[in-house]
Amino acid sequence: MKKLLPIAFLLFPWAQTFAYPDQLDNKAVKYLGGNPVSPPMDFNKIGNSFKNGELILAQAGGNLPSSGLTRSDKKESTDDEELEEELPTFYDNRKPEIGAWVGASNPFPGSEAQKYLDTTLGGGFFYRVPWPWIFYVEVGASYSNYLSRSERALTTIPVYSALCYKLPFELPITFMVKGGFGETYVVARPANTSRWDKTLYAGFEASFVAGKKLRIGIRLDYNKIYESDLNAPAETQYPYVGPTVDPRLNNPYYYNKVDTEFFHFGLMVSVFL
């Protein structure tokens, strides 16, 4: 018996015992927790190797048969992320907003009003909605009381509606141009005459979004009040008036009909609704 042990040791298939299997059947794959593959995977054709610290699966398309995992360098993206990449950033924050401004109100340089009226403090408010298309519609009003070195004074309350366009610049600061029309309630002193006059409006705005609810910036508004098409008051048609009436009111030469121009420069704050 002792003589047969060396012979049995030499004839035992040691090479097949320690060699890795050429094929892996579905039962073994299922036992290891993977997905069954058909036909059985040939390990000789996988050719696993390491390159730059990463596992490369050759001949297998990057798939691991034992786990059913697929190696892919492309990051999966959702529909929301794809939509955000397609939309330019200058269309962000297109929400209705309401705000106010305060600053200097001035007669326009070179206009007739600059000869008599001084700069004053003015303010106003506005409401803006994103419509139509890429434009905005803004409605607003302001108040200014212009004084002078004489008894003359002028109070203006312009009410306007304007179409706004946000310039498509990829910058942290938003630039917006405006144009529209409206009417201005004008009170002239010392005559204390008041009326509504047609008004042309134009504006420019530079602002930035602070947080998620606020917009802070500066704005420049221009108003041109049309009075050249007005008729002279009825008092000028009756030269004979009572002693209590100012004689200048019935003299047509005292009425110089001109178009007045003003511009406003101030700080603005608005809130997204």
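Rules used in this analysis
- Positions within a chain are numbered from 1, following the residues in the order the chain's sequence is written.
- Under the rules for a predicted model, residues below a pLDDT of 70 receive no local features and side-chain atom pairs below 80 are neither given nor counted, while totals for whole chains, interfaces and linings still include all residues.
- Remark: hydrogens and water are excluded; side-chain values derive from all non-hydrogen atoms of the structure.
- Cavity and pocket criteria rest on a 1 Å grid covering protein atoms alone: a 1.4 Å probe that fits but cannot get out defines a cavity, protein on both sides within 12 Å along at least 5 of 7 lines defines an open pocket, and an atom within 4 Å of a point defines a lining residue.
- Grid points are joined across faces, edges and corners, and a volume is the space filled by probe spheres set on the points.
- Strands here mean DSSP runs of E at least two residues long; helices mean DSSP runs of H or I at least four residues long; both are numbered from the N terminus.
- Here the nonpolar group is Ala, Val, Leu, Ile, Met, Phe, Trp, Tyr, Cys and Pro; Asp, Glu, Lys and Arg are the charged ones; every other residue, Gly included, is treated as polar.
- Paired strands, in this sense, are two strands between which DSSP finds at least two bridges.
- Where helices are involved, their axes are fitted lines through C-alpha atoms of the stretch in contact, as for all axes, and angles between N-to-C directions lie from 0 to 180°.
- A carboxyl oxygen of Asp or Glu within 4 Å of a side-chain nitrogen of Lys or Arg is what we treat as a salt bridge.
- Here's how the labels work: a residue is buried when its accessible area is under 20% of the maximum for its type, exposed when over 50%, partly exposed in between, all with a 1.4 Å probe on protein chains only.

Q: What should I look at first to understand empty space enclosed by the protein in this one?
A: Applying the stated rule across the entire model yields two cavities of 30 Å³ or more. Size it by volume and the largest cavity reaches roughly 60 Å³. Along the walls of the largest cavity sit Trp-101, Phe-125, Ala-141, Ser-142, Tyr-160, Tyr-201, Arg-219, Asp-221, Asn-223 and His-264, which together make up its complete lining. Among the secondary structure elements, those contributing two or more residues to the lining of the largest cavity are strand E9 (135-146) and strand E13 (214-225). For the lining of the largest cavity, the leading source of residues is E13, giving three residues. Among the residues forming the lining of the largest cavity, the class breakdown is five nonpolar, three polar and two charged.

Q: Before we go on, may I ask you to explain the pairing of strand E11 (residues 174-189) in this structure?
A: Regular strands have side chains that alternate between both faces of the sheet. Of the pairings in the sheet, the one linking strand E10 (residues 153-166) to E11 comprises 14 bridges and is antiparallel in character. Along E11, the bridge assignment pairs Ala-153 with Arg-189. Where E11 and strand E12 (residues 193-210) come together, 15 bridges link them in antiparallel fashion. The residue of E12 that forms the bridge with Gly-180 is Tyr-201. Counted between consecutive antiparallel strands, the loop separating E11 from E12 contains three residues, among which Asn-192 sits at a positive phi close to 60°.

Q: It is not clear to me how the sheet that holds E13 should be interpreted in this structure. Could you clarify?
A: Through backbone hydrogen bonds, the strands of a sheet pair up, either in parallel or in antiparallel fashion. Here eight strands make up a closed barrel; going around it, the order is E7-E8-E9-E10-E11-E12-E13-E14 and the pairing antiparallel. Each strand axis lies, on average, 25° off the axis of its neighbour in the sheet, ignoring direction. Inspection of the sheet shows strand E7 (residues 97-107) paired to strand E14 (residues 260-272) by eleven bridges, in the antiparallel sense. For Gly-103, the partnering residue across the bridge sits in E14 and is Gly-266.

Q: Help me understand the pattern of salt bridges, please; the structure alone is not making it clear to me.
A: Close approach of charged atoms allows side chains of opposite charge to pair. Under the criterion given, the structure shown has eleven salt bridges. With a closest N to O distance of 3.3 Å, Glu-97 and Arg-128 form a salt bridge. Placement of Glu-97 in strand E7 and of Arg-128 in strand E8 (residues 120-129) is noted, with a sequence separation of 31 residues between them. For the pair Glu-97 and Arg-128, one class covers both residues: buried. With its nearest N and O atoms 2.9 Å apart, the salt bridge here joins Arg-128 to Glu-138. With Arg-128 in strand E8 and Glu-138 in strand E9, this pair connects stretches of sequence that are ten residues apart.

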